[in-house]
Amino acid sequence: MAAAGDGPWLDDAAGRLVRPYTVSNGRTRPTTALDLLSQVRATGSTPLGYLGPEHTQALELCRAPVSVAETAAHLKLPAAVTKVLLSDLVDCGALTTKPATFHHNPTDQSLLEAVLDGLRRQL
């Protein structure tokens, strides 16, 4: 039986009924450069053409600025698939993107340890 609001895409016992790469029509590369920390936000423009249910869900999630990683987590899709969906929405003018900017070196060990400590506190 499908969970409430999930439609036919999820099944309580079986999990996801549609393979993730089916959602992106087998595409693995987005047309827009996105990384996991890129911020995406809906523009308010109505996309032209057909959007799948995942595109619609992603657009709903992006009413306020949200990272690609957060969007992937909410959609319960791999980041690569989410990037393809989001780039489709950028291409049709429904989303705008802002690359992540760091005031620190993103590979700085102390920064990474602080992030890890923060995640551990959340669990």
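The structure under discussion appears in the preceding block.
Below: a short report on this structure.

Rules of the game
- Residues numbered from 1 in each chain as written.
- Predicted model: local features only at pLDDT ≥ 70, side-chain atom pairs only at ≥ 80, totals over all residues.
- Heavy atoms only, no water.
- Pairing = 2+ DSSP bridges.
- Helix = DSSP H or I, 4+ residues; strand = E, 2+ residues; numbered from the N terminus.
- Salt bridge = Lys/Arg side-chain N within 4 Å of Asp/Glu carboxyl O.
- Buried < 20%, exposed > 50% of the residue type's maximum accessible area, 1.4 Å probe, protein only.
- Axes fitted to C-alpha atoms, helices over the stretch in contact; angles between N-to-C directions.
- Parallel < 35°, antiparallel > 145°, perpendicular 65-115°, else oblique.
- Left-handed = near helix turned anticlockwise from the far one by under 90°.
- Contact = heavy atoms within 4.5 Å.
- Nonpolar A, V, L, I, M, F, W, Y, C, P; charged D, E, K, R; others polar.

With that settled, consider the sheet that holds strand β3 (residues 39–42). Strand order in the open sheet formed by 3 strands is β4-β3-β5, and the pairing between neighbours is antiparallel. Each end of this open sheet is capped by a strand with a single partner; those strands are β4 (66–67) and β5 (95–98). As paired strands, β3 and β4 are joined by 2 bridges and run antiparallel to one another. Across the sheet, Q39 pairs through a bridge with S67, a residue of β4.

Attention shifts here to the pattern of salt bridges. Within this structure, the stated rule accounts for 2 salt bridges. Between R63 and E60 there is a salt bridge whose closest N-O contact spans 2.4 Å. Judged by its relative accessible area of 43%, E60 falls in the partly exposed class. The residue D117 makes a salt bridge to R120 at a minimum N-O spacing of 4.0 Å. Here D117 pairs with R120, and both are found in helix α5 (residues 109–122), just 3 residues apart, close to one helical turn.

At a minimum axis separation of 10 Å, helix α2 (residues 53–61) and helix α3 (residues 68–75) run at an interaxial angle of 130 degrees. What the angle tells us is that α2 and α3 run oblique. Here α2 and α3 pass one another in a crossing that is right-handed. Counting all contacts with α2, which are made through E54, Q57, A58 and L61, the residues of α3 involved are T71, H74 and L75. Considering only residue class, the contact of α2 with α3 consists of 3 nonpolar, 3 polar and 1 charged.

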